[in-house]
Amino acid sequence: MSPPHETETGAGDLPASAPAASAPAGSNPAGSNPAGSSSPTSAPAAPSPVRSREDIDPRGRSRDRSWPPLPEPLPFPVIDNHCHLDFADGDESLDVHEHVARAAAVGIDAQITIGSDLEAVRWTAELLASEACPPSLHGGVAVHPNEAALHARGMDHEGRALIGLDDAIAEVATLLRGPGMVVVGETGLDWFRTSRKDEAARAAQIESFRAHIALAKELDLPMQIHDRDAHRDVLEVLEADGAPERTVFHCFSGDAEFARTCVDHGWYLSFAGTVTFKNAGGLRAALAEVGLGQIMVETDAPFLTPVPYRGRPNSSYLIPHTMQTIAEVTGTGLEQACRTIRATTQDVYRFSEGVAA
C-alpha cells in the first residue's frame, strides 16, 4: 500500500495458454470503457470504494487526475499480484467491474485486491463474498504495520477509538477463512511512517508481523510483506520465526544484495511501477541481479503509476508498462517474461490454469 505507507518518490476462464485480449493502443480515452468491456448493467453492484486516494495523499489534489489510455495488450496474460480496489481515484471513479474489464482488455486476467486496515479488510471480505465479485478477482487481508501501531495505541490519528491489536488480528483471521481469500497481507515492518524510536509502536509492529506469520502457516496461505526502511529487521523476524513457505515481498524496494538474500531464502519479489521510475536505478539493478525466476508483478493501485504516467491514477490495466521494463531489465522477450511471471504467480497462489474470468 502506498501513501501514507509509501510514496512515489520511493523506491469466464481464460486458459493460461490463451493470448491476451486485443485492443488498439490508446483506443480508450480517459474516462471511457474499452471496446466491448462496458460494466455489465445486469450484474449485481459491487460495493463502492470506502475512501479516495486524496484522503491519505492530499498532495494528489493538484496532480493530473485523468485516466491514462489503454496500452498495447500484452502478448501473454499476467496477474496483478497486489492492488487496492477499496480506493477510488481519478476524475471519473471506476467501479470494480470497470477496473476488471479494462485490465482484461490488455491481458491482465486476474487481480488480487488487498485490504490493509479494518475498514478495507471488511470491504474486501464483503466484495469477495458477494455475487457482484468477478470470478477473476481474489483477495487478501491483514493489519498493515502502521495500522498495528495505531491499534496497539487504541486510537487513530484523529483520536478516534480503535479496537485493540489482538482483536483486530482476530477479525482478520476470521475473514481470511472466507471466500476468495488467497493471501495474508500486507504485513511486515515500516520504519518510515513509524519511527524506530517509538518503542511501543515498534513492538506492536513486530508483534503483529509475527502473528501474521503464524496465521499464514496455520491457514497454509502465502504472505505478502510490506517492508519500508526495515530490511534488516524484517529479515531477522523471518529467520527467527521461520517464514511461511510462500513469502512475497510486495512492492520490493531493496537493493541487489537484499534481493539476492531474499531469493536465496526461496522468497518471491513483486515489482510495481516503481521499477520504471527514472530514479530507481538501484531497484532495476536488484531485478537484474535475480532475474525472473522468483518474480511477480503488481500495481499497488491506485498508487505508484508507472512511467510515462507517474502521478496519474493507477489501475491494473497499466501493468503492460511495468512488464515492458521488467522484460528489458532482465534481457527477456516480453512474451517470455509474461509467461514466466504468470507461471510463478499461479504457483504461489495455487491458481488453476483457468484462474481468469
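These numbers come from a predicted model, not from an experiment.

Caption draft 1: Expanded view of the layout of surface pockets. The calculated volume of the largest pocket comes to roughly 900 Å³. Taken together, 33 residues form the lining of the largest pocket, with E147, L150, D156, H157 and E158 sitting closest to its centre. For the lining of the largest pocket, the secondary-structure elements that each account for two or more residues are α1 (53-56), α3 (118-129), α4 (145-153) and α6 (199-219). Broken down by element, the lining of the largest pocket gets its largest block of residues, seven residues, from α4. Looking at the lining of the largest pocket residue by residue, the class counts come to 14 nonpolar, seven polar and twelve charged.

Caption draft 2: Quick look at helix α7 (residues 231-241). Among the residues of α7, those classed as buried are D233, V234, L235, V237 and L238. For α7, the secondary structure elements touched by its buried residues are β6 (181-190), α6, β7 (223-228), β8 (247-249) and α8 (256-264). Of the residues flanking the end of α7, it is G242, one or two places downstream, whose phi is positive at about 85 degrees.

Caption draft 3: Up close: the nonpolar core. Among the nonpolar cores identified, the biggest contains 79 residues, and F249, F252, L269 and M323 are the most heavily contacted of them. Per element, the largest residue contribution to this core is six residues, and it comes from α3. Among residues more than four places away in sequence, those in contact with F252 are F258, A259, C262, L269, S270, F271, L283 and A286. By size, the runner-up hydrophobic cluster in this structure holds twelve residues, among which are A110, I112, V182 and V183.

Caption draft 4: Fine view of the sheet that holds strand β4 (residues 108-115). Ordered in space as β2-β4-β5-β6-β7-β8-β9-β10, the eight strands form an open sheet in which the pairing is parallel. Two strands close off the open sheet at either side, each with one partner strand: β2 (78-83) and β10 (295-297). On average, each strand axis in the sheet is tilted by 30 degrees relative to the strand beside it, whichever way the strands run. Alignment of β7 against β8, held across three bridges, turns out to be parallel. Note that in β8 the partner of Q224 across the bridge is V248. Against the sheet, α3 touches β4, β5 (137-141) and β6, its axis set at about 150 degrees to β5. Against the sheet, α7 contacts β6, β7 and β8, and its axis sits at roughly 145 degrees relative to β7.

Caption draft 5: Spatial organisation of the pattern of salt bridges. Under the definition given, this model contains 22 salt bridges. Residues E289 and R260 are paired through a salt bridge, measuring 3.2 Å at the closest nitrogen-oxygen approach. A residue pair is termed long-range when its members are at least 10 positions apart, and E289 in helix α9 (residues 281-290) and R260 in helix α8 qualify at 29 residues. Judged by relative accessible area, E289 falls into the partly exposed class, the value being 37%. Among the residues examined, R260 registers a relative accessible area of 28% and is labelled partly exposed.

Caption draft 6: Layout of empty space enclosed by the protein. Here the largest cavity is characterised by a volume of approximately 80 Å³. Lining the largest cavity are 14 residues; nearest its centre among them are F87, H99, A301, P302 and N314. Tallied by class, residues from the lining of the largest cavity come to seven nonpolar, six polar and one charged. Looking at the second largest cavity, its volume works out to about 30 Å³. Around the second largest cavity, the lining residues are D227, H231, F249, H250, C251, F252, S253, G254 and F258.

Caption draft 7: Representation of unusual backbone geometry. The amide bond that connects G185 to the next residue, E186, takes the cis arrangement and shows omega of 15 degrees. Mapped onto the secondary structure, E186 falls in strand β6. Backbone torsion omega between V307 and P308 reads 15 degrees, so that peptide bond is classified as cis. On the secondary structure map, P308 appears in the loop between β10 and α10 (319-329). For D229, which is not glycine, the phi torsion reads 55 degrees and is therefore positive. Tracing the sequence through the fold places D229 in the loop between β7 and α7.

Reading the values: rules and limits
Residues numbered from 1 in each chain as written. Predicted model: local features only at pLDDT ≥ 70, side-chain atom pairs only at ≥ 80, totals over all residues. Heavy atoms only, no water. 1 Å grid on protein atoms, 1.4 Å probe; cavity = no way out; pocket = protein on both sides within 12 Å on 5 of 7 lines; lining within 4 Å. Points joined across faces, edges and corners; volume = space filled by probe spheres on them. Helix = DSSP H or I, 4+ residues; strand = E, 2+ residues; numbered from the N terminus. Nonpolar A, V, L, I, M, F, W, Y, C, P; charged D, E, K, R; others polar. Buried < 20%, exposed > 50% of the residue type's maximum accessible area, 1.4 Å probe, protein only. Contact = heavy atoms within 4.5 Å. Core = buried A, V, L, I, M, F, W, Y, C linked by side-chain atoms within 4.5 Å. Pairing = 2+ DSSP bridges. Axes fitted to C-alpha atoms, helices over the stretch in contact; angles between N-to-C directions. Salt bridge = Lys/Arg side-chain N within 4 Å of Asp/Glu carboxyl O.

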